[in-house]
2 protein chains.
Amino acid sequence: MPKASSFPIIQVIGYKNSGKTTMVNRLIRYASDHNIKTASLKHHGHQDSLTPIHAGTDSYTHKESGAFITGVEGGGSLQLEFGEDIDVSLDQLIKIYESFSPGLLVVEGYKQEVHPKIVMIRKEADLELITTVSNIKAIIRWNAQLENPSEDIPVFELEHIDDHLAELIYLCKEV
Amino acid sequence: MPKASSFPIIQVIGYKNSGKTTMVNRLIRYASDHNIKTASLKHHGHQDSLTPIHAGTDSYTHKESGAFITGVEGGGSLQLEFGEDIDVSLDQLIKIYESFSPGLLVVEGYKQEVHPKIVMIRKEADLELITTVSNIKAIIRWNAQLENPSEDIPVFELEHIDDHLAELIYLCKEV
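All values derive from a computational prediction rather than experimental measurement.

Trainee: I'd like to hear about the relation of the copies chain A and chain B, residue by residue, with values.
Mentor: Of the two same-sequence chains, chain A is brought onto chain B (RMSD 0.0 Å, axial shift 0.0 Å) by a rotation of 180°. Expressed as an axis order, the relation between the two copies is that of a two-fold axis. The C-alpha atom lying nearest the rotation axis in chain A is that of Gln79 of chain A; the distance is 2.1 Å. Comparing interface residues between copies, 100% of those in chain A also lie at the interface in chain B; the contact surface is shared.

Trainee: Which residues make up helix α3 (residues 90–98) of chain A, and what values do they have?
Mentor: Listing the buried residues of α3 of chain A in full gives Leu90, Leu93, Ile94, Ile96 and Tyr97 of chain A. Down the axis, α3 of chain A shows its buried residues gathered within 155° of arc, on one side only. In this structure, the buried residues of α3 of chain A make contact with β1 (9–14), β2 (38–43) and β5 (104–108) of chain A together with β3 (69–74), β4 (77–82) and α3 (90–98) of chain B.

Trainee: Mind laying out the pattern of salt bridges, listing which residues take part and the relevant values?
Mentor: Under the definition given, this model contains 10 salt bridges over all chains. A salt bridge links Lys63 of chain A to Glu81 of chain A; its shortest N-O distance comes to 3.9 Å. Taken together, the residues span a long stretch of sequence, with Lys63 of chain A in helix α2 (residues 56–64) and Glu81 of chain A in strand β4 (residues 77–82) at a distance of 18 residues. Taking the shortest distance from any N to any O, the salt bridge between Glu108 of chain B and Lys42 of chain B comes out at 3.0 Å. With Glu108 of chain B in strand β5 (residues 104–108) and Lys42 of chain B in strand β2 (residues 38–43), this pair connects stretches of sequence that are 66 residues apart. The residues Glu108 of chain B and Lys42 of chain B share a single accessibility class, namely buried.

Conventions and cut-offs
Residue numbers here run from 1 along each chain, matching the order of that chain's written sequence. Chains and ligands are labelled by the order in which they are written, letters from A for the one and numbers from 1 for the other. Only residues with pLDDT of 70 or above have their local features reported here, since the model is predicted, and side-chain atom pairs are shown and tallied only from 80 upward, although totals for entire chains, interfaces and linings are computed over all residues. The side-chain values count all of the structure's non-hydrogen atoms but skip hydrogen atoms and water molecules. Least squares is used to superpose the copies, and the fit set is the C-alpha atoms of residues whose pLDDT is at least 70 in both copies. For this analysis, residues touch if any pair of their heavy atoms sits within 4.5 Å. Buried residues are those whose accessible area, probed at 1.4 Å on protein chains only, stays under 20% of the maximum for their type, while exposed residues exceed 50% and partly exposed ones sit between those limits. Numbering of helices and strands runs from the N terminus, with a helix taken as a DSSP run of H or I at least four residues long and a strand as a DSSP run of E at least two residues long. By construction, the arc corresponds to the directions joining the helix axis to the C-beta atoms. For salt bridges, the criterion is a side-chain nitrogen of Lys or Arg within 4 Å of an Asp or Glu carboxyl oxygen.

Spelled out as structure tokens, the structure:
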């Protein structure tokens with residue numbers, strides 16, 4: 001069961017090029033337009049790290065000096081870098097967001113996490129994803145010809161999704 | 001009075017090229033070598049913002065879609081970007097660090113903040129800084145020929161500072 005947080009969390013997951021970012025943006029736009037303070041978080045994956053920050057050299061020397069977390073804040077942006085031994089969990093990131101009291105957090109990725117999920121299904125082969133993740137609240141398929149992916153999970157067609165954004169957010173609400 | 005936090009905070013402040021970063025690194029190195037989980041935060045200033053992250057385009061579309069905070073996590077790094085209307089206070093940043101329970105936070109910059117401060121004094125003209133900031137616990141001067149900057153604040157000579165790191169950290173401890 002997901003750890004209860006003080007705000008709703010929606011995970012948008014799916015394989016590469018299944019339209020996750022576009023879907024996240026639609027949800028953010030809809031919620032923001034309805035005056036919900038909406039935050040987003042994207043899992044960039046561990047294979048390649050983020051581009052060093054402008055003032056990076058300093059924060060790197062801090063790291064080399066032994067700091068387990070180094071941060072640089074400026075120009076409306078904060079970058080934190082964590083020591084190799086620190087594995088930052090989504091729960092910790094959610095705690096960070098909590099301090100800014102959002103009304104909604106839309107998360108892109110983190111397939112294996114436990115929060116309410118919208119799964120993007122582009123092609124037949126993607127259907128397998130549904131059997132491997134937890135807490136799916138809605139499935140969005142690109143192609144109505146695709147076999148019905150699930151008996152008991154609401155399925156939406158991508159082409160009409162803009163008419164169902166409120167419903168999607170509602171389905172994912174757990175708080 | 002500084003807001004009490006669960007861990008000591010040391011601010012290293014000074015004008016440009018007064019040796020802030022070097023001093024911060026010495027403190028981090030010393031504390032880490034003594035098994036204190038040390039975190040660092042550098043104020044990069046609002047004039048120029050941090051380099052966009054690798055996966056920036058996505059997080060920018062999130063922002064354009066109306067997200068008031070967008071984040072990208074990956075490769076042991078987290079970058080948060082805040083909407084124009086959000087002014088992130090040092091207190092909020094400290095709250096973020098708190099979630100990783102550090103033993104010490106060394107902050108570079110944030111002159112106007114309230115936490116215990118070490119002030120770097122390189123030249124005569126820098127002395128003015130001492131009169132404009134609060135909660136100074138120690139002064140480090142580059143040149144012993146400089147007039148004694150303060151009656152009641154401990155003054156250290158930069159050339160011997162490595163013998164006084166424990167003392168500096170002790171002087172700044174408020175928790």
